[in-house]
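# Geometric and topological summary
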Amino acid sequence: MTALSQSVSLDRRGRTAVLTVDNPPVNALSQHVRQGMRDGLRQAGADGGIAAIVVVCAGRTFIAGADITEFGKPPREPGLHEVLDLIEASPKPVVAAVHGTALGGGLEVTLACHYRIGVKTARFGLPEVKLGLLPGAGGTQRLPRVVGVEKALQMIVSGDPIGADEALKHGLVDEIVEGDLTTAGVAFAEKIVNERRPLRKIRDLDEKLAAVRGKPEVFATFRKSVARQTRGFRAPENCIKAVEAAVTLPFAEGMKRERELFLELMASPESKAQRYFFFAEREAAKVPDVPADTPAKEIRKAAVLGAGTMGGGIAMNFANAGIPVTVVEIAQDALDRGLGVVRKNYEATASRGRLTAQDVEKRMGLIQGTTDFGAIADADIVVEAVFEEMAVKKEVFARIDTICKADAVLATNTSTLDVNEIAGATRRPESVIGMHFFSPANVMRLLENVRGAKTSKTVIATAMSVGRRINKVPVLVGVCYGFVGNRMLHQRGKQAEKLILEGALPHQVDRVLYDFGLPMGPFAMGDLAGLDVGWRIRKGKGEKSVVADRLCEMGRFGQKTGAGYYRYGPDRSATPDSEVEKIIVDVSTELGITRRPISDDEILARLLYPMVNEGAKILDEGIAIRASDIDVIWVYGYGWPVYRGGPMFWADQLGLKTLRDRMLEFRRATGDDFWTPAPRLERLLAEGKGFTQS
Ligand code: T1G
Ligand code: NAD
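Keep in mind the model is a prediction, meaning the values are calculated, not measured.

### Let's talk about the site of ligand 2
With respect to spatial proximity, 21 residues lie near ligand 2, and among them M310, E329, E388, K393 and S415 are the closest. Within the backbone of T309, a nitrogen or oxygen atom sits 3.0 Å from an oxygen atom of ligand 2. Put simply, the parts of the chain that give the shell around ligand 2 at least two residues each are α13 (309-320), α16 (390-403) and β16 (432-437). A breakdown of the residues in the shell around ligand 2 according to their chemical character gives 10 nonpolar, 8 polar and 3 charged.

Below, the structure written as structure tokens:
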């Protein structure tokens, strides 16, 4: 075995050279990997005793792409294109042997090889679009030549990987192998040599491109089919253009076009944001004082208290992960209603072909309903989702404290109440943590885990790991009113109401945020969640929101009553309602406010700047560990467009001076301390730093 660089070695098995990449954790194509591969290909190429070459990886996966940490830095030789050209031009067959994931530049390496084999569990994908990029090393030119244009478009624009069986079906791999992969790779290479099989260069294939040449409707139809989910993203269109170039241009020119489109994206603010977010999401999993090797409790059995809007969805998450879950309700009818909603949700998913009838029964089989609290005695984790009233919560926690086993994790899904006070209702506050799911709980990926003053590290580690196991993105936050997401949302809500009293209208305010890239604005969101939820909380706290209160007094709770800020049709389409506009104008008059035209720019600043400013306070109070966690919360919990990174990253791109100065302008205009910049904002500005730059 010859070491060619710190991460690549060359070995010889009979007449086959084995090039092994070993660059933990995911064999990214760092400079030393590219250099080692180049040198290995040259050596094996020049060695008369070698008839074939196998490329294989050590560790848990095949090459998972270019090294994202090298992006934005000066390029270092050799480039990936040089390595791939060496592979494809090799006079000896080169076979890629894949396990784990062959992603991005990793899949492009296999596409430059003459043959590809993989293990049954291997996955193949081009996820570059998720980084705001496109496959920049021939993926957009070679993949359609193998799997066809439609399949290539689907894989490249979704960025989602396919499994080995599907890869075999589409000709992306030549064989699925078992046993030791290197041995299987060498055997396959020997077979190729012995059978004098041709050196298949994908660049020379044209049949699947010809099938689409002169049919631009294929691309038009595809563009239409992805328009909704790619709204605001820059990369998908460049991906489509690159595949179009594969169909309309000779290979070498197609590669040039791919390069132009790639470099355009690499320089774009959207890709910068999405690359930032890739690492932000991975950082969010790390809790500085809870080391990664902190033992987490094994969760074999779960329980959920309350089968209402949230309880049912939370139970589905456990069942979806194969974890048996007991759902406890106070009354049989409430239980039947709640489990009925769960079954309806599963059947709706099955009707869309995303689950089989067997899957539905299997998951329903994992969910046991009861009104007997005793049934949760052996649960490893209990998630409470009962009414949002402190007295009810404390009664429930005192009760489960006497029932649950000593090392059970006791979690509350409260969205506003003090987790420490709830924990205080037990004799084991160290076992209590907030697990704040977002509605609909079986869909929204965000999970705000709320660390109480006494929550133990094992309980934190357990909540973080079970969060990932039920396919959520867990972020650890501290105890305060509304935690991170809702606390920032609350600041935005205050301005939204002021804006419609001063002259804007709900649909104008909502359009500004929709155009910015959010799924909906504050008024449409209120109608979706139900205006009565906030109304009950405000009444409980003696607070007022004049227009919203007036709508609720009229029974206009939003979508659930067919009218709120908007009027809703049978298909739930929203229409601005002149009756609401009249109420708003009347309230302005009653409050002595002279209405004025308000620009979209002012609306955007007044909605988003207070959120960022509140984010700064949250960081100063240590409620969030890092600014990028706030961004992960907003992207996964509130649909903040990932191509803008998140509110804190966005503020950095906007410039903290711009933000601070505009806030001071608003403060001068209103005399309202609401617009006072947070100390952290002023401090970072003075230090010339940003929220997300350390
Ligand atoms: N470059 C650098 N670091 C990477 C990396 C990469 N491509 N992929 C992962 N890491 C780090 C990650 O930050 C984390 O670090 C650790 O590895 C484990 O990752 C020319 C331009 C492979 C499915 O987009 O999807 O090729 O936090 O926690 O859950 O066309 O990582 O431990 O310090 O995610 O098991 C295209 C990205 C690049 C794939 C494994 N490739 N990676 O998931 O582990 S662009 C991708 C993943 C490209 C070419 C273009 C996943 C994974 P740390 P992890 P995991
Ligand atoms: P909900 O009113 O829809 O459901 C609450 C359920 O709890 C009811 O079915 C009720 O019968 C049951 N219940 C009440 N007391 C009980 C008891 N002692 N034991 C067992 N069951 C009992 O309320 P929801 O919207 O599902 O909210 C539940 C919790 O989740 C609240 O704390 C809320 O703040 C929080 N939350 C709600 C949302 C949301 O969007 N609705 C989002 C995040 C968090």
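Next, the rest of the story.
### Describing the site of ligand 1
The local shell around ligand 1 holds 25 residues, among which R60, E108, E128, R282 and K286 are the closest. The contact in question runs from an oxygen atom of ligand 1 to an N or O atom on the side chain of R60, over 2.6 Å. Bound to the protein, ligand 1 loses 73% of the 1000 Å² it would expose on its own. Elements supplying a minimum of two residues to the shell around ligand 1: α3 (105-112) and α12 (269-283). At 3 residues, the largest contribution of residues to the shell around ligand 1 is made by α12. Residue classes in the shell around ligand 1 are distributed as 15 nonpolar, 4 polar and 6 charged.

### As for the sheet that holds strand β2 (residues 8-13)
Taking strand neighbours across the sheet as the criterion, the 7 strands line up as β1-β2-β3-β4-β5-β7-β10 in an open arrangement whose pairing is mixed. In the strand order of this sheet, the two ends are held by β1 (2-3) and β10 (175-177), each with one partner. As paired strands, β2 and strand β3 (residues 16-21) are joined by 6 bridges and run antiparallel to one another. Bridge assignment links R12 to a residue of β3, and that residue is A17.

### Quick notes on the packing of aromatic side chains
The geometry of two aromatic rings is summed up by the distance between their centres and the angle between their planes. Per the stated rule, a full pass over the model turns up 16 aromatic pairs. For the ring pair F523 and Y565, a centre distance of 4.7 Å and an interplane angle of 65 degrees mean the geometry is edge-to-face. Here Y565 lies in the loop between α23 (546-553) and β19 (566-568) and F523 lies in helix α21 (residues 522-529), a separation of 42 residues in the sequence. Each of the two residues, F523 as well as Y565, counts as buried. The interplanar angle of 45 degrees and the centroid separation of 4.7 Å between the aromatic rings of F666 and W675 together place this pair among those described as tilted. Looking at F666, the relative accessible area reads 9%, which means it is buried. Clustering of aromatic rings is evident, with ring pairs tying together F516, Y609, W640 and W650. When the ring centre of F278 is taken as origin, the NZ or CZ atom of R282, which lies over that ring, is 3.6 Å away.

### Looking at the pairing of strand β12 (residues 325-328)
Residue alternation in β12 divides its side chains into two sets, V325 and V327 and T326 and V328, and both sets are buried. Summarising the sheet, strand β11 (residues 302-305) and β12 pair through 4 bridges and their orientation is parallel. Bridging from a neighbouring strand, A303 pairs with T326 of β12. Strand direction decides the pairing type here: β12 and strand β13 (residues 367-370), joined by 4 bridges, are parallel. Directly across from V325, in β13, lies its bridge partner I367.

### Focus on the environment of Y276
By secondary structure assignment, the location of Y276 is in helix α12. Judged by its relative accessible area of 15%, Y276 is buried. With 120 residues separating them in the primary sequence, Y276 and I156 have C-alpha atoms 21 Å apart. Here Y276 is in contact with A627, S628, D631, G645, F649 and T692, once residues within four sequence places are set aside.

### Re unusual backbone geometry
In this chain, P24 is followed by P25 through a cis amide linkage whose omega measures 10 degrees. Mapped onto the elements, P25 comes out in the loop between β3 and α1 (31-46). At the junction of S439 and P440, the peptide bond is cis and its omega measures out at -5 degrees in the coordinates. With respect to the helices and strands, P440 occurs in the loop between β16 and β17 (446-451). In the Ramachandran plot, N27 falls in the positive-phi region, its phi being about 50 degrees despite a non-glycine side chain. Along the chain, N27 turns up in the loop between β3 and α1. Overall, N27 belongs to the buried group, its relative accessible area being 2%. Of note, F483 is a non-glycine position whose phi angle comes to about 50 degrees, a positive value. Relative to the assigned elements, F483 resides in the loop between β18 (473-478) and α19 (485-502).

### A short note on the side chain of R428
Mapping R428 onto the fold places it in the loop between α17 (419-423) and β16. Within the structure, the side chain of R428 is placed 2.7 Å from the side chain of D401, a separation counted as a polar contact. Within the structure, the side chain of R428 is placed 3.4 Å from the backbone oxygen of A406, a separation counted as a polar contact.

### Regarding the side chain of R142
Locating R142 in the fold gives a position in helix α4 (residues 139-147). Apart from residues lying up to four places away in sequence, R142 is in contact with L84, D85, E88, L111, A112, A137, I202 and F251.

Conventions we followed
- Counting starts from 1 at the beginning of each chain's written sequence and moves along it residue by residue.
- Here the convention is simple: chains get letters from A, ligands get numbers from 1, in the order in which they are written.
- Local features in this predicted model are restricted to residues whose pLDDT is 70 or higher, and side-chain atom pairs enter the listing and the counts only when it is 80 or higher, whereas totals over whole chains, interfaces and linings include all residues.
- Each side-chain value is derived from all of the structure's non-hydrogen atoms; neither hydrogens nor water enter the calculation.
- One heavy atom suffices: a residue is near a molecule or strand as soon as one of its heavy atoms comes within 4 Å of it.
- Here a polar contact is recorded for every N or O atom pair within 3.5 Å, except that within protein the pair must consist of a potential hydrogen donor and a potential acceptor, and residues adjacent in sequence are included only if both atoms are side-chain atoms.
- Only DSSP runs of H or I reaching four residues or more are called helices, and only runs of E reaching two or more are called strands; each is numbered from the N terminus.
- Under the grouping applied here, Gly and all other residues not named as nonpolar or charged are polar, the nonpolar ones being Ala, Val, Leu, Ile, Met, Phe, Trp, Tyr, Cys and Pro and the charged ones Asp, Glu, Lys and Arg.
- Computed with a 1.4 Å probe, the accessible areas rest on the Shrake-Rupley method; for each residue, only the protein chains presented here act as cover.
- Paired strands are those between which DSSP finds at least two bridges.
- Aromatic contacts are taken between Phe, Tyr and Trp rings whose centres are within 6.5 Å, Trp giving its six-membered ring; a plane angle under 30 degrees counts as stacked, one over 60 as edge-to-face, and the others as tilted.
- Only protein chains enter the calculation, and the probe is 1.4 Å; a residue is then buried if its accessible area is under 20% of its type maximum, exposed if over 50%, and partly exposed in between.
- Working rule: Lys NZ or Arg CZ, within 6 Å of ring centre, within 35 degrees of ring normal, means a charge sits over the ring.
- Any two residues whose heavy atoms approach within 4.5 Å are treated as being in contact.

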